[in-house]
Each structure stands twice: as structure tokens, then as C-alpha cells.
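One letter stands for each residue in the lines below.
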Amino acid sequence: MKLGIVGLPNVGKSTLFNSLTKAGAESANYPFCTIDPNVGVVAVPDERLGLLADMYHSAKVTPAVIEFVDIAGLVKGASKGEGLGNQFLANIREVDAIVHVVRCFEDPNVIHVDGSVDPLRDIETINLELIFSDLEILERRISKTVRGARNDKTLAKELDLLNRVKAWLEDGKMAISVTTDDEDEQEWLAGYNLLTRKPVIFAANVAESDLADDGASNPHVQAVRKYAAEYGCEVFVICAEIEQEIAELDDDEKAMFLEDLGLKESGLEKLIKASYRLLGLISYLTAGETETRAWTIKNGTKAPQAAGKIHSDFERGFIRAEVVNYQDLLDCGTYAAAREKGLVRLEGKDYVVKDGDVILFRFNV
């Protein structure tokens, strides 16, 4: 999974990126200190892996990973060359979802590019820049397509779609709200990689004092939640500065620190849960002496396609899957004990993999 981080300058974007990835991207109290896109890869915390690895005495543990891409802060007019322009938006065209960091804290010592804290105005500013960037993509595509559309029905059909989406964006609406039942149009839309068609997770960056009640008493957070509910987005509350402190601690210290703050989980854990929900993702597990590993798949994936995540040969030569629920396996203590109790099931090509399934694939190529 790949997530792109966007936001205005000085909203805590690079601080959040640093804390999530421990990558040490430059972050300072002035606009445009992030010039080149920063990329960091983060392991998805999953306590199931450690417990399974202990059971199997695994030599290696491989968690699922998320790649974060942090780009320079955008400002109003970026698409017309203001600030650093929108030159870095290309770096997030390939991401699965966008994490939009929104400032929900008041601090006179941290300047705001628009002079005041107003998350809805900030969201609108970023949305417009994403729209303008997408319009550029569509206009280039239209100019290429229009030449052949006179003599080609398929191109004429695509041109009609391009013009409809362009008009939609020019009306200030995001491409994610464009719906179509036509399979060709769905495929074309996916191929354009439009930024405004990507799912969005809002990271409401608050002061430490707002963390304990998850921003419930912060009117800025409430405004973001209301907006997100209207547009089908996820929201999680975070204090980027606190998150950076947490990133420096080992697991035991982290647990104590979170408890002192009255928190059950870190911002990274909140973000991962939000992104898995938003993108409809789950993890299945494989375990053995050589390696215990988590594999991320779309919810609803059938066994052969899940096997293909490991290797294309597994999908091509799929025979069956031996499946046991993670908790059942732990409760039994060994795979053999789980099998004796009838908890290891043999599943075929139509089996839909569930989160927490521990699977051994049988295949023949």
C-alpha cells in the first residue's frame, strides 16, 4: 500500500511524516522546507506475527508495509506556479490513497500561510489545486483523443467521458464522485490516475490537550469530521509533535507513554486502521520455521488470487488451501493440535480469504 501525504505548509505534514517513518525529513517553521519528495517505508504493526513466529520458531518475520510519500506544502495558486507550483503532485499520482494533513491547533508561534486556522478553507484550497492538476491531465488527454475520435467509435466514446469528467471538475467537484456502470469507462477512469479520484484520509493535527478526548471538544476537528462524513472520507486525530516523541521510544516505553496520555494506540496505528478500512484491505498470514509473514489483499479476494500474492505460480497451479483461523491456532498451541480438533479446513478455488486466516497453499506447476 502506498499513501501520499499532502497539506498546506506548516500544518505538521513533514513532522507527521518524520514520526511515521523516522526518516528525518526536514521540518521547520517556514513554508517549502520540503523540496524533494520524501519517501519512507513503514512496517504495519501486527502482534499476530510475533506470536506466530514464537510458536513456529521462525527464523524471519516479515510484516506488511506501507510506503509514504511526502511532498512540498501546497498553497493557493500552486497550479499557476505560486509557491513551489504543483511540480510535486506527479509524485503522488501512483499512490492508493491521499493522507491530507489539516491543522486543527491554534499556536501563535507557528505561522499559517493564510493568517488563521480554518481547516475547511484549507481543505478547499488543497482540493482546488488537485482539481487544477487533474484538469491539466484531462486536457492533454483530450487533445490526443480528439484527433482520432472522428473515425474511431471507441475513441469517440472515451472523448465523451473525458469531456464529462472535465466539466465535472470545472464545476469544483472531485472525480471520485463520478459514477459509471460502463466497464470501458471504469477502466479509462482508473487509467487516468486522477488525484481527485483517490480516497482521502484526513489527519486532524491537534494540540496535545485535545488528544485524550480524540478531538471531541475541538470545533476544528468537528468541522473536519462533518465534512469527511459528507464525502465518504476517513478521519483520524493526531498530534504530530507527540507522535514524533513516540517514534523515538521502544515498545515498552511507547506503551507507558500512550497510557500516560490516556491513549490506546499511536497515530500510526490509527492511520493504518483508517487506510485499511478506506481501501477495503485485510491481511492473511503464512507461518513456518523459515518465515512468518503478513500478506495484504483486498477484502473479498479468493484463495487462488491470494496465493498469487506470494508467487504467480501459486495462483496458476493452485490445488487447495489449508486454512486455520489465527486465534484457533494460537489457542491449540500447534498446527497438529488444530488439525486434530478439525480446525484446519481444506478450501478450494471459491474460498474467500478472511482477515487473520493462516494459510498453507498447495499448488502444482
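For the structure itself, look to the data block above.
Residues numbered from 1 in each chain as written. Predicted model: local features only at pLDDT ≥ 70, side-chain atom pairs only at ≥ 80, totals over all residues. Heavy atoms only, no water.

A count of helical and extended segments in the protein gives 13 helices and twelve strands. Over its C-alpha trace the protein gives a radius of gyration of 23 Å, about what one expects of a compact globule, namely 21 Å for 365 residues. In terms of principal-axis extent, the alpha carbons of the protein reach across some 65 × 65 × 35 Å. For the protein, the residues scored as buried account for 49% of the 365 residues in total. In the protein, the share of contacts with a sequence separation of at least 24, taken over all contacts with a separation of at least 6, comes to 68%. Summing over all exposed atoms, the protein offers an accessible surface of approximately 18,000 Å²; the carbon and sulfur share of this is 49%. Where the 41 positive side-chain charges of the protein centre and where its 61 negative ones centre are 8 Å apart. (Helix = DSSP H or I, 4+ residues; strand = E, 2+ residues; numbered from the N terminus. Rg over C-alpha atoms; globule rule 2.2 N^0.38 Å. Buried < 20%, exposed > 50% of the residue type's maximum accessible area, 1.4 Å probe, protein only. Contact = heavy atoms within 4.5 Å. Areas by Shrake-Rupley, 256 points an atom, 1.4 Å probe, with all protein chains shown as cover. Lys, Arg positive; Asp, Glu negative; His and termini not counted. Charge placed at Lys NZ, Arg CZ, Asp CG, Glu CD.)

Of all seven residues making up strand β9 (residues 292-298), five are buried, and the element is well covered by its neighbours. Two elements, strand β3 (residues 61-62) and β9, share two bridges in a ladder whose sense is parallel. Within β9, the residue paired with Thr62 across the bridge is Arg293. Looking at chain direction, strand β8 (residues 281-286) and β9 are connected through six bridges and run antiparallel. Pairing of Ile282 across the sheet is with Ile297, part of β9. Between β8 and β9, which pair antiparallel in sequence order, lie five residues. (Pairing = 2+ DSSP bridges.)

What follows concerns the sheet that holds strand β6 (residues 200-205). Strand order in the open sheet formed by six strands is β2-β4-β1-β5-β6-β7, with mixed pairing between adjacent strands. Looking at strand neighbours, the two that pair on one side only are β2 (38-43) and β7 (234-238), the edges of this open sheet. Shown here is a sheet whose adjacent strand axes are inclined to one another by a mean of 25°, direction ignored. Two elements, strand β1 (residues 2-6) and strand β5 (residues 97-103), share four bridges in a ladder whose sense is parallel. From the neighbouring strand, Gly4 faces β5, where its bridge partner is Ile98. Packing of helix α3 (residues 119-149) onto the sheet brings it into contact with β1, β5 and β6, and relative to β5 it is tilted by some 145°. (Axes fitted to C-alpha atoms, helices over the stretch in contact; angles between N-to-C directions.)

One face of the sheet, then the other: side chains in a regular strand alternate in exactly this way. Burial analysis of β1 places four of its five residues in the buried class, which makes it a mostly covered element. Sheet analysis places β1 next to strand β4 (residues 65-70), joined by four bridges and oriented parallel. Considered in β4, the bridge of Ile5 is made with Asp70.

In this structure the tally under the stated criterion is 26 salt bridges. Note that Asp182 and Lys157 form a salt bridge whose closest N and O atoms lie 2.9 Å from each other. Here Lys157 lies in helix α4 (residues 153-170) and Asp182 lies in the loop between α4 and α5 (183-192), a separation of 25 residues in the sequence. Given a relative accessible area of 26%, Asp182 falls into the partly exposed group. The partner of Glu322 in a salt bridge is Arg362, and the shortest N-O contact between them spans 3.0 Å. Placement of Glu322 in strand β10 (residues 318-325) and of Arg362 in strand β12 (residues 357-363) is noted, with a sequence separation of 40 residues between them. (Salt bridge = Lys/Arg side-chain N within 4 Å of Asp/Glu carboxyl O.)

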